[in-house]
Every structure is written in C-alpha cells, then in structure tokens.
Amino acid sequence: QVQLVESGGGLVQPGGSLRLSCATSGFTLDYYAIGWFRQAPGKQREAVSCISLSDGTTYYADSVKGRFTIFRDNAKKVVYLQMTALKPEDTAIYYCAAGLLTPGWGSRLSWPDEYGYWGQGTQVTVSS
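Note that the structure is predicted; figures quoted are calculated from it, not measured.

*Asks:* What is the right way to read the overall build of the protein chain from this model?
*Replies:* Along the protein chain, the regular secondary structure elements total zero helices and eleven strands. Counting from the amino terminus, the protein chain carries its helices and strands in the arrangement β-β-β-β-β-β-β-β-β-β-β. For 128 residues, the compact-globule estimate of 2.2 N^0.38 gives 14 Å, and the C-alpha radius of gyration of the protein chain, at 14 Å, lies within 12% of that figure. With the principal axes as the frame, the protein chain shows a C-alpha extent of 45 × 25 × 25 Å. Out of the 128 residues belonging to the protein chain, those deemed buried represent 44%.

*Asks:* Explanation requested: the packing of aromatic side chains in the structure shown.
*Replies:* Remark: the centre distance and the inter-plane angle together describe each pair of aromatic rings, the angle taken between the planes. Counting across every chain of the model gives six aromatic pairs. Where Phe 37 meets Tyr 115, the ring centres are 5.1 Å apart and the plane angle is 75 degrees; that geometry is what we call edge-to-face. Here Phe 37, found in strand β4 (residues 32–39), pairs with Tyr 115, found in the loop between β9 (92–100) and β10 (117–118); they are 78 residues apart in sequence, far enough to count as distant. Residues Phe 37 and Tyr 115 agree in their burial class; the two are buried. The rings of Phe 37, Tyr 95, Tyr 115 and Trp 118 are connected pair by pair, giving a single aromatic cluster. Lying across the ring of Tyr 95, Arg 45 places its NZ or CZ 4.1 Å from the centre.

*Asks:* Help me understand the sheet that holds strand β3 (residues 18–25) in this model?
*Replies:* Remark on secondary structure: sheet strands pair via backbone hydrogen bonds, oriented parallel or antiparallel. Taken together, four strands build an open sheet; the order of strands is β1-β3-β8-β7 and the sheet is antiparallel. Where the open sheet ends on each side, the last strands, each with one partner, are β1 (3–7) and β7 (68–73). Strand-to-strand twist across the sheet, computed as the mean angle between neighbouring axes with direction ignored, equals 15 degrees. Relative to strand β8 (residues 78–83), β3 is paired through six bridges, and the arrangement is antiparallel. Among the inter-strand pairings, Leu 20 is bridged to a residue of β8, identified as Leu 81.

*Asks:* Looking at this structure, I do not really get the state of the cysteines. What am I missing?
*Replies:* As used in these notes, a disulfide is a covalent bond between sulfur atoms, one from each of two cysteines. Taken as a whole and assessed by the stated rule, the structure comprises one disulfide. Each disulfide pairs two cysteine sulfurs, and for Cys 22 the partner residue is Cys 96, the sulfurs being separated by 2.0 Å. The S-S bond linking Cys 22 to Cys 96 shows a torsion near -75 degrees; that makes this disulfide left-handed. Residue Cys 22 is located in strand β3, and its partner Cys 96 is located in strand β9; the two are separated by 74 residues in the primary sequence. Judged by its relative accessible area of 0%, Cys 96 falls in the buried class. For the unlinked cysteine Cys 50, the closest cysteine sulfur is that of Cys 96, found at 9.9 Å. Relative accessible area serves as the criterion here: at 0%, Cys 50 is assigned to the buried category.

Thresholds, definitions, all that
- Residues numbered from 1 in each chain as written.
- Predicted model: local features only at pLDDT ≥ 70, side-chain atom pairs only at ≥ 80, totals over all residues.
- Heavy atoms only, no water.
- Helix = DSSP H or I, 4+ residues; strand = E, 2+ residues; numbered from the N terminus.
- Rg over C-alpha atoms; globule rule 2.2 N^0.38 Å.
- Buried < 20%, exposed > 50% of the residue type's maximum accessible area, 1.4 Å probe, protein only.
- Phe/Tyr/Trp six-rings, centres within 6.5 Å; stacked < 30°, edge-to-face > 60°.
- Lys NZ or Arg CZ within 6 Å of the ring centre and 35° of its normal.
- Pairing = 2+ DSSP bridges.
- Axes fitted to C-alpha atoms, helices over the stretch in contact; angles between N-to-C directions.
- Disulfide = S-S within 2.5 Å.

Structure representation (structure tokens):
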C-alpha cells in the first residue's frame, strides 16, 4: 500500500527557509513521480514542484523558480522540498503526492489528476 507522510511545515518569517520532507513507502520509486502541491483557503490546489523518479525530470511553478528545490534521497526513500526566500504568498497547506508514470507523462508532471496518492498535508505559514 502506498503511503506518503509529510513533515517539516511551520511558521517562518519572510525571507526564511524551510525544508519539507515526504517519506514514501509501498512502491518502487523509479516507477513514480512525486509532486508537491499547495492549497490556500478559497484557492485551487496548484503544483509547486514535481519530479519524475525515473529520469529526474522536474517541474517548478513560475512563482517558486529560483527559490525552491526538489530533490530525493533514494536510500531513505524521502523526497524533499527545500524552500528559501519564503514569501507570505507561499502560505498554504502543502501536500506530497505520488503518481504512477505512464508514457509521455513527463509533459504532465504538474497535473494534479495524474497523482493518485496523497499525503495528509503540512501547514506552511510565512508571516512576520
């Protein structure tokens, strides 16, 4: 059974940094993509950063390019989202998600419907 457990959220001042972790189990990483999504009250869920575990292809939302980095530790089966230069607009619940790779899926890494497994979410609040 696929399981995803996020951790690392919290309250951070603008300009600060935070590292989110997604501990995975129940599947072979090379067959999946992992995505970080976020949702603020009254807004639709949006992709933040995603990675194909088969070839390392990544996606970053324009709003986080240059500030966020997604990477993985294959031995620990953990995917991280390193967030720097945080802004109040980054405040949201952040979700880790996993989706089974299919041919041509690299062009759809940011599509929420491609992900069938979701973690419980972790709150990130950026405020002074």
